[in-house]
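Survey of secondary and tertiary structure
Here's the letter readout for the chains.
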Amino acid sequence: MKTPNLLVKFSNMIKTEVIKAAFEAMNNKSEFIKKAGIIGILTTAVCQTTAVLINKDVPKKEKKFMLAQELADGAINLTIFWTLTALCIRNGRRLATNWTENKAKIFDQVSDELKKETKGFNKYHIHKVHQDYIDGLGTIIGMIGSVTANNFISPPLRNYAASLYQKEHIRQVSYQQSVSNNSIFDKPAQNNVLTQQKPLTQYNNMSKFLNQSKSPGINPLRLF
Amino acid sequence: MQVRPSIKNCFEQFMLNEKKIARVVKFNENFTTWHQRLVLGIASISSQPFFDYYNKNVDQETRNYSAVRTVAKIIVGTTEGCLVRFLAIKYGKKIAFNWLSKGNSKENSAVVKELNTFFDTRKGYFKGKADLQDENHNVYKSSATRFGRYSDKLNDWIKAVREHVEKGGNFDNFNFETEEIKDLSRFLKESGNVLSVASAFIAGLIIDIPMTNKVLNWGMDSLFPEHRHKKDGENK
């Protein structure tokens, strides 16, 4: 007996997974739409982060901000999208279920209505119409939730998070610059922190510094 | 005494008529991933650039870069996303139909097993569903064995669909007189949807990254040339 090779097994596995997912989508479209949205956000986050990283024409400071913006966008957008869409879908479905309780007759009429639209088709199953209505309302309200999450809640949050990161980056860069340029002694007198202080405070500070530098383990020459 | 209806009741009355229910059912059937991408894209371009441009936490130059980048990202992402998803759904249906076309052969056993599990048992639309009732408590029973064995009918269905396509019909609407064929059409559509999500991921990696950068650089050159071609030291 011939054993199926690895390729056939792999292709069968993919087919089976796609078919399972397709049936899930048939049963529960709103959940499928939510999952598709989440995969879309992940794709965008991966692509855009890579795009910022490899773009050589963007200056360093803006690059830092945009990189932080993309990472924050991915994380915040994913969390808010997932939460709000799931909440909206659940409530939409619940709303439709409550509305349609003990109202089976109307779905019989809807079934007739749908029959008119499709040429040569006998009749939709009443339970299918009922479930599609619940699912459809879940999808519509879920889409409203996802649009709100994606476009009105996460952009200000991600911008705020990215600006915090950028400020921290600028602070670090200016600190490193001031250390490397030996700014305390090289800069003009009006910018020097020590000269802006009163003479007595300046003297105290200098003496403190010199006392510290005398302690073992710190070589004052290494500091400058 | 007349009771004043609440907003919730008004909305319920508004939504619960035959035509609106039929519209929602049709929407649920026909809503695909490319529609979703389009809706999100349109909403994004009408809101996100403004958030970026009026972001007071950063300086003007960063704001300009960020807003132009967001526009570039949305235009490229939406165009590419919609196009790839649309094509993937169109060809995904044919791919899924080709999988079914192998019928009850041995190599297709995994596929047929899945189909049987779905259509045979109550795992389809009626999983765990209670019987429906109307106002007078008349019961509309949910049928447990709606389709019978899928694999028994598979070859007949495939033959019917093939004839339909050969005559010039498309995969969207088979218009046959049975609900099973209608479900087959829906199954192919959803398979296309699933394949579209996977292909959009791959296409995003290949197309999105270079295209976004090109559109960003072009946009910055034409809109804010004063920020361009600076040395890094000037921007720190």
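A quick note: this is a predicted structure, and the numbers were derived from the prediction, not measured.

**With respect to the packing of helix H2 (residues 29–54) of chain A against helix H5 (residues 126–180) of chain A**
Residue and element names in this part refer to chain A.
- Look at H2 against H5: their axes get within 8 Å of each other, and the N-to-C directions meet at 30°. Comparing the axis directions of H2 and H5 gives the class roughly parallel. Residues Lys29, Ser30 and Ile33 of H2 touch H5, and the partners they reach there are Asp135, Gly138, Thr139 and Met143.
- In the contact of H2 with H5, the residues fall into 2 nonpolar, 3 polar and 2 charged.

**Notes on the interface of chain B and chain A**
- Tallying the contact residues gives 93 residues for chain B and 88 residues for chain A.
- Of the roughly 8800 Å² buried between chain B and chain A on both sides combined, carbon and sulfur atoms contribute 64%.
- In this assembly, chain B and chain A are joined by 6 salt bridges.
- Here Glu190(B) ties to Lys29(A) by a salt bridge, and the two come within 3.3 Å at their closest N and O atoms.
- Taken together, the connections running from chain B to chain A amount to 22 residue pairs in polar contact (both at pLDDT 80 or more).

**Digging into the pattern of salt bridges**
- Tallied over the full model, the rule gives 10 salt bridges over all chains.
- The shortest N-O distance in the salt bridge between Asp73(A) and Arg158(A) comes to 3.4 Å. With a gap of 85 residues between them, Asp73(A) in helix H3 (residues 60–99) and Arg158(A) in helix H5 connect regions that are remote in the sequence.
- Among the ionic pairs, Arg186(B) bridges to Glu190(B), the shortest N-O distance being 3.3 Å. Remark: Glu190(B) and Arg186(B) occur in helix H8 (residues 179–223); sequence separation between them is 4 residues, near one turn of the helix.
- Residue classification places Arg186(B) among the buried residues on the basis of a relative accessible area of 4%.
- The network of salt bridges with shared partners includes Glu70(A), Asp73(A), Arg158(A), Asp52(B), Arg69(B) and Lys73(B).

**Considering the environment of Ile33(A)**
All names here are of chain A.
- Mapped onto the secondary structure, Ile33 falls in helix H2.
- Taking relative accessible area as the criterion, Ile33 reaches 5% and is therefore assigned buried.
- Ile33 sits 109 residues away from Gly142 along the chain, and the two C-alpha atoms are 8.5 Å apart.

**Comments concerning helix H5 (residues 60–101) of chain B**
Residue and element names in this part refer to chain B.
- For H5, built from 42 residues, the straight-helix expectation of 62 Å at 1.5 Å per residue is met to within 8% by its first-to-last C-alpha distance of 60 Å.
- The sharpest bend along H5 comes to roughly 25°, located at Tyr91.
- Between the side-chain oxygen at the start of H5 and the backbone nitrogen of Glu61 there is a gap of 3.2 Å, and the oxygen is on Asp59.

**Observations regarding the side chain of Thr85(A)**
Residue and element names in this part refer to chain A.
- Note that Thr85 resides in helix H3.
- Residue Thr85 is classed as buried on the basis of its relative accessible area, which comes to 2%.
- Not counting residues up to four positions away in its chain, the partners in contact with Thr85 are Lys34, Ile80, Gly142, Gly145 and Ser146.

**Focus: the nonpolar core**
- The biggest cluster of nonpolar side chains holds 23 residues, and the ones touching the most others in it are Ile19(A), Phe23(A), Leu100(B), Leu115(B), Phe187(B) and Leu188(B).
- At the level of elements, helix H1 (6–27) and H2 of chain A together with H5, helix H6 (109–120), helix H7 (150–166) and H8 of chain B are the ones that each hand at least two residues to this core.
- Excluding its chain neighbours within four sequence positions, the residues that come into contact with Ile19(A) are Trp99(B), Val111(B), Glu114(B), Leu115(B) and Phe187(B).
- Among the nonpolar cores identified, the runner-up in size contains 19 residues, and Trp99(A), Ala104(A), Leu137(A) and Leu132(B) belong to it.

Definitions and limits used
Residue indices begin from 1 for each chain and proceed along its sequence in written order. Starting at A for chains and at 1 for ligands, labels are handed out in the order in which the entities are written. The predicted origin of the model limits local features to residues at a pLDDT of at least 70 and limits the giving and counting of side-chain atom pairs to 80 or more, whereas totals for whole chains, interfaces and linings rest on all residues. For the side-chain quantities, the full set of heavy atoms in the structure was used; hydrogens and water were omitted. Every axis in this analysis is a line fitted to C-alpha atoms, fitted for helices over the stretch in contact. Angles between the N-to-C directions lie between 0 and 180 degrees. Going along the chain from the N terminus, every DSSP run of H or I of four or more residues is numbered as a helix, and every run of E of two or more is numbered as a strand. Roughly parallel refers to an angle under 35 degrees, roughly antiparallel to one over 145, roughly perpendicular to one between 65 and 115, and oblique to any angle outside these ranges. Whether two residues touch is decided by their heavy atoms; if any such pair falls within 4.5 Å, the residues are in contact. Three categories are distinguished: nonpolar for Ala, Val, Leu, Ile, Met, Phe, Trp, Tyr, Cys and Pro, charged for Asp, Glu, Lys and Arg, and polar for the others, with Gly belonging to the last. Simply put, the buried area is the total loss of 1.4 Å probe accessible area from both parts when two parts are fitted together. Counted as salt bridges are all cases of a side-chain nitrogen of Lys or Arg within 4 Å of a carboxyl oxygen of Asp or Glu. As used in this structure description, the phrase polar contact means that two N or O atoms lie within 3.5 Å; if the pair is within protein, one of them must be able to donate a hydrogen and the other to accept it, and residues adjacent in sequence are counted only when both atoms belong to side chains. Relative accessible area decides the class of each residue, using a 1.4 Å probe on protein chains only: under 20% of the type maximum gives buried, over 50% gives exposed, and in between gives partly exposed. The span you would expect from a helix comes to 1.5 Å times its residue count less one. The angle between axes fitted to the seven residues ending at a residue and the seven residues starting there is what we call the bend at that residue. Put simply, a nonpolar core is a bunch of buried Ala, Val, Leu, Ile, Met, Phe, Trp, Tyr and Cys residues held in one set by side-chain atoms that sit within 4.5 Å of each other.

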